[in-house]
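Results of the structural survey
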Amino acid sequence: MERRRRLSRLLGGAGLLLAAGLAYALWVRATGLALPCPFRAVTGLLCPGCGVTRLCLALLRGDWAGAWRANPALLPMLPILAALAVRLSVRYVREGSAVLTRRENALVWVLAALLAAWGILRNLI
């Protein structure tokens, strides 16, 4: 019974997140207005995540080239992040905990370091 409750909670949260993302995508497509990057607004530089909205909109259209142009560092990380999210979700439903293992934690830090390096590199080139 506890697993069923955790699964229901997980699916409800994922559904809300998906609905919010789709609503935002529809808003951006209909109005052309997207949330500005606060880092870019303050510094004038591109942050590692700049282009995420364009990347997601391109993926929704099936435009892989457009997604690559939007953020070529994050696109290859998406399958890894998705696999990690699935692993954590399964662990949460089965055990009630979604704590990262040492390997998963190391993976997150490596991805964060790669994104930080990309954030620096993209402003130099």
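Anyway, here's the lowdown on the structure attached to this text. (Residues numbered from 1 in each chain as written. Predicted model: local features only at pLDDT ≥ 70, side-chain atom pairs only at ≥ 80, totals over all residues. Heavy atoms only, no water.)

1. Thoughts on helix α1 (residues 2–31)
Every α-helix winds through 3.6 residues per turn, so residues three or four apart in the chain are directed the same way. With 30 residues, α1 ought to run about 44 Å at 1.5 Å a step, and its terminal C-alpha atoms sit 43 Å apart, in line with that. Of all the positions in α1, only Arg6, Ala25 and Val28 are classed as buried. Buried-residue contacts for α1 involve α3 (52–61) and α5 (78–95). (Helix = DSSP H or I, 4+ residues; strand = E, 2+ residues; numbered from the N terminus. Expected span 1.5 Å × (residues − 1). Buried < 20%, exposed > 50% of the residue type's maximum accessible area, 1.4 Å probe, protein only. Contact = heavy atoms within 4.5 Å.)

2. Remarks on the packing of α1 against α3
Taken N-terminus to C-terminus, the directions of α1 and α3 make an angle of 95°; their axes are 11 Å apart at the nearest point. Classified by the interaxial angle, the pair formed by α1 and α3 is roughly perpendicular. Contact with α1, carried on its side by Leu22, Tyr24, Ala25, Val28 and Arg29, involves Thr53, Leu57, Leu60 and Arg61 of α3 and no other residues of that element. Among the residues making up the contact of α1 with α3, the classes are represented as six nonpolar, one polar and two charged. (Axes fitted to C-alpha atoms, helices over the stretch in contact; angles between N-to-C directions. Parallel < 35°, antiparallel > 145°, perpendicular 65-115°, else oblique. Nonpolar A, V, L, I, M, F, W, Y, C, P; charged D, E, K, R; others polar.)

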